[in-house]
Amino acid sequence: MQAYPKHYCGVFGVFGHPKAAELTYYGLFALQHRGQESAGIVVSDGNRFDVHKGMGLVPQVFDAQRLQSLKGHLAIGHTRYSTTGSSQVHNAQPLTVDCARGKIAVAHNGNLTNAAVLREELESAGSIFQTTVDSEIVLHLLAQPGPNGSANSLVHAIRRLEGAYSLLIMTERELIAARDPHGFRPLVLGRVDGAWVVASETCAFDLIHAHYEREIQPGEILIIREGGLLSLQAFPEHRRRAFCVFEYVYFARPDSVLEGRNVHLARVEMGRQLAREHPVAADLVIPVPDSGNSAALGYALESGIPFEMAFVRNHYVGRSFLQPSQLIRDFNVRVKLNLIGELVRGKRVVVVDDSIVRGTTCKARVNTLKEAGAKEVHVRVSCPPHMFPCVYGIDFPDRSKLMAANHSLDEIRHYLKADSLQYLSLEGMVKAIGRARDTFCLACYNGDYPVPYDPSLDKEIMERRRTQRHSLVEALLQDQAQGRLL
Ligand code: AMP
């Protein structure tokens, strides 16, 4: 087993609509920003599952004919982004099985922190895994008997998972939504034409004219079936709330509403707060599009400095363009964003982006601005310095590659060749969102991980798996040598 790839994703589900697959397609389309590597939809007509998955963007994976062939009134879908090493179609979700409990499909957003432990336990009891994604563990747990001979494996399976999960589970006749007790990742419930819909973000509801009903609560298992809704709290004991603050900073779409707060408005307020905390005399505020747009607007509104969209984004940059030769030196920097040079020439510019991770993007932007003749470049970042990796599903590199974990503010400023550099404070970020600090996961900023994770234990398990594996023949020879072949 290789190290579990981290992945963030979008999930969407429908119960009770004759065009369930089509609605799911549009839902996934709206959630494309949460994953561009693979997409998949499973439908059920009450008896049989139809599955289609593939690598690429949602419209690359599905065409009209394919969608029409997916018949049923229940569906779940998934868009996936992953780190290297797991980019294969067999890792695309939803994952499906046909087991003693019937057919089950799973779509997962988040990252399980006890994946290696659970997988080792399941494999030593005979489970055979088909993928390298942690989400498959959920299927195996669901397929097993419950504790003490009980048939109820659902609650038991969910209670064994640790870390971040917003899950959609589909049987032939039911749709089940479950969220981890800390509520790391979003998951919302809506209605359209009398049908139920569940999605990672509310922007998916807007596209299909669905009404937002409510959040799936942390720890809730919501079963949607013919007779109506059945809601259970799988974790009645108190668990710390830990909504991922980075969903507000960068990840969610600005037109989504997370826990009652519109994302764009939260980002504008982060920009305003940033201007209050770190003002600077300048002629122009410009965002790094699209991630810095809302915060830059807030900075401009608060400071009274004019706002300009000086970087122009090319929206058609796919993942797989031809890698250019030396002919175009800085192709990767220029292909996505181009600068309208005359806007910044001779000006003192504040450039606002949502975050600095490795520092590569920001350095390139400052360089472009200086080359175009900007007199001063002041970098403002609308979240605090990223100091720690995420183990709950956001793809940040390990500490050694996180800029702020290894360098002082002035060293980073120097590296970026900026005239000044400032980050929004942790308190300022939380205040801008407008929710209590203790309801957030802030681990990537302060190292306070709400669910413990021990990477050395994972390493140990991988090593054990590598060194203690006995092939069929090896095991036979060993038994033979010890005289216990039959
Ligand atoms: P870097 O060049 O590593 O400093 O990248 C920072 C830029 O990437 C910022 O402009 C963010 O908008 C964006 N970003 C931040 N976090 C992520 C992430 N987990 N995956 C992809 N892009 C990200």
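Residue numbers here run from 1 along each chain, matching the order of that chain's written sequence. Only residues with pLDDT of at least 70 get local features here, since the model is predicted, and only at 80 or more are side-chain atom pairs given and counted; chain-wide, interface and lining totals rely on the full set of residues. Excluded from the side-chain calculations are hydrogens and water; all other atoms, namely the structure's heavy atoms, are used.

**Some remarks on the site of the ligand**
Near the ligand there are 16 residues, and of these Asp 353, Asp 354, Arg 358, Gly 359 and Thr 361 occur at the shortest range. Each polar contact in these results corresponds to two N or O atoms within 3.5 Å; when the atoms are within protein, one needs to be able to donate a hydrogen and the other to accept it, and residues that are neighboring in sequence are counted only if both atoms are side-chain atoms. Between Asp 353 and the ligand, the recorded distance is 2.5 Å, taken from a side-chain N or O atom to an oxygen atom. Contacts to the ligand include Thr 361, whose side-chain N or O atom sits 2.5 Å from an oxygen atom. All accessible-area figures derive from a Shrake-Rupley calculation using a 1.4 Å probe, and residue coverage is judged against the displayed protein chains alone. Taken by itself the ligand offers 500 Å² of open surface, and the protein chains cover 84% of this. Throughout, the term near means that a residue has one or more heavy atoms lying within 4 Å of the molecule or strand in question.

**So, the domain arrangement of the chain**
Domain assignment breaks the chain into domain 1 (7–239) and domain 2 (262–439). What counts as a domain boundary in this text is fixed by an automatic or database domain assignment. Computed over C-alpha atoms only, the centres of domain 1 and domain 2 are separated by 34 Å. Contacts were defined at the residue level, with two residues in contact if any of their heavy atoms lie within 4.5 Å. At the junction of the two partners, domain 1 supplies 12 residues and domain 2 supplies 7 residues. Buried area: the sum, over both parts, of the accessible surface (1.4 Å probe) that disappears when the two are put together. Between domain 1 and domain 2, roughly 830 Å² of surface is buried when both sides are summed, and carbon and sulfur atoms account for 57% of that area. The working definition used for a salt bridge is a side-chain nitrogen of Lys or Arg within 4 Å of a carboxyl oxygen of Asp or Glu. For the pair domain 1 and domain 2, the number of links is 0 salt bridges. Joining domain 1 to domain 2, the criterion identifies 3 residue pairs in polar contact (both at pLDDT 80 or more). Every helix listed is a DSSP run of H or I at least four residues long, and every strand listed is a run of E at least two residues long, numbered separately from the N terminus. Breaking the side of domain 1 that touches domain 2 down by element, the ones donating at least two residues are strand S1 (7–15), strand S6 (102–112) and strand S7 (163–170). In this count, Pro and Cys sit with the nonpolar residues alongside Ala, Val, Leu, Ile, Met, Phe, Trp and Tyr, while Asp, Glu, Lys and Arg are called charged and the others, Gly among them, polar. By residue class, the composition of the side of domain 1 that touches domain 2 is 4 nonpolar, 7 polar and 1 charged.

**A look at the nonpolar core**
Put simply, buried Ala, Val, Leu, Ile, Met, Phe, Trp, Tyr and Cys residues joined by side-chain atoms within 4.5 Å make one nonpolar core. Think of it in three bands: residues with accessible area under 20% of the maximum for their type are buried, residues over 50% are exposed, and the middle band is partly exposed, with areas taken using a 1.4 Å probe on protein chains only. Counting residues in each nonpolar core, the largest one holds 49 residues, and the members touching the most others are Tyr 248, Met 429 and Tyr 445. Of all elements in the fold, only strand S14 (243–244), helix H8 (245–251), helix H9 (263–277), helix H10 (293–303), strand S20 (348–353), helix H16 (426–433), strand S23 (440–441) and helix H17 (443–446) reach the threshold of two or more residues within this core. Each of domain 1 (7–239) and domain 2 (262–439) contributes no fewer than three residues to this core. Those residues in contact with Met 429 that sit more than four places away from it in its chain are Val 245, Val 249, Cys 383, Pro 384, Leu 424, Leu 442 and Tyr 445.

**Description of the side chain of Asn 111**
Tracing the chain through its elements places Asn 111 in strand S6. Judged by relative accessible area, Asn 111 falls into the buried class, the value being 10%. Of note is the side chain of Asn 111, whose polar atom sits 3.3 Å from the backbone oxygen of Val 391.

**Here we look at the packing of aromatic side chains**
What describes a pair of aromatic rings is the distance from one ring centre to the other and the angle between the planes of the rings. Each Phe, Tyr or Trp ring (for Trp, its six-membered ring) is paired with any other whose centre lies within 6.5 Å, and the angle between the two planes then decides the class: stacked below 30 degrees, edge-to-face above 60, tilted in between. Scanning the entire structure with this criterion turns up 10 aromatic pairs. For the pair Tyr 25 and Phe 29, a centre-to-centre distance of 6.2 Å together with 35° between the ring planes defines the contact as tilted. Separated by 4 residues within a single helix, Tyr 25 and Phe 29 lie in helix H1 (residues 20–30), roughly one turn from each other. Residue classification places Phe 29 among the partly exposed residues on the basis of a relative accessible area of 41%.

**Thoughts on the pattern of salt bridges**
In total, this model carries 29 salt bridges according to the counting rule given. Salt-bridge contacts for Glu 259 lead to Arg 435; the nearest nitrogen and oxygen are separated by 2.9 Å. Of this pair, Glu 259 sits in the loop between strand S15 (257–258) and strand S16 (261–262) while Arg 435 sits in the loop between H16 and S23, and the two are 176 residues apart along the sequence. Of the two residues, Glu 259 and Arg 435, neither departs from the other in class, the shared state being buried.

**Here's the deal with unusual backbone geometry**
For the bond running from Gln 93 to Pro 94, omega is 0°, close enough to zero to count as cis. The omega torsion across Pro 289 and Asp 290 is -15°, close enough to zero to call that bond cis. Along the polypeptide, Asp 290 turns up in the loop between strand S17 (284–287) and H10. The backbone of Glu 259 sits at a positive phi, close to 45°, despite the residue not being glycine. The class of Glu 259 is buried, set by a relative accessible area of 18%.

**Some words on the sheet that holds S7**
Each strand in a sheet pairs with another by means of backbone hydrogen bonds, the pair being arranged parallel or else antiparallel. Ordered in space as S5-S6-S7-S8-S12-S13, the 6 strands form an open sheet in which the pairing is antiparallel. Pairing within the sheet leaves two strands with one partner each, and these edge strands are strand S5 (95–99) and strand S13 (228–233). Across the sheet, the mean angle from the axis of one strand to that of its neighbour is 20°, orientation sign disregarded. Should DSSP find at least two bridges between two strands, the strands are taken to pair. Bridge count for strand S8 (residues 175–179) against strand S12 (residues 220–225) is 4 bridges, and the pairing is antiparallel. Among the inter-strand pairings, Ala 177 is bridged to a residue of S12, identified as Leu 222. Lying over the sheet, helix H5 (residues 135–143) contacts S5, S6 and S7, oriented at roughly 140° with respect to S6. Axis definition: a line fitted to C-alpha atoms, limited for helices to the stretch in contact. Angles are taken between N-to-C directions and run from 0 to 180 degrees.

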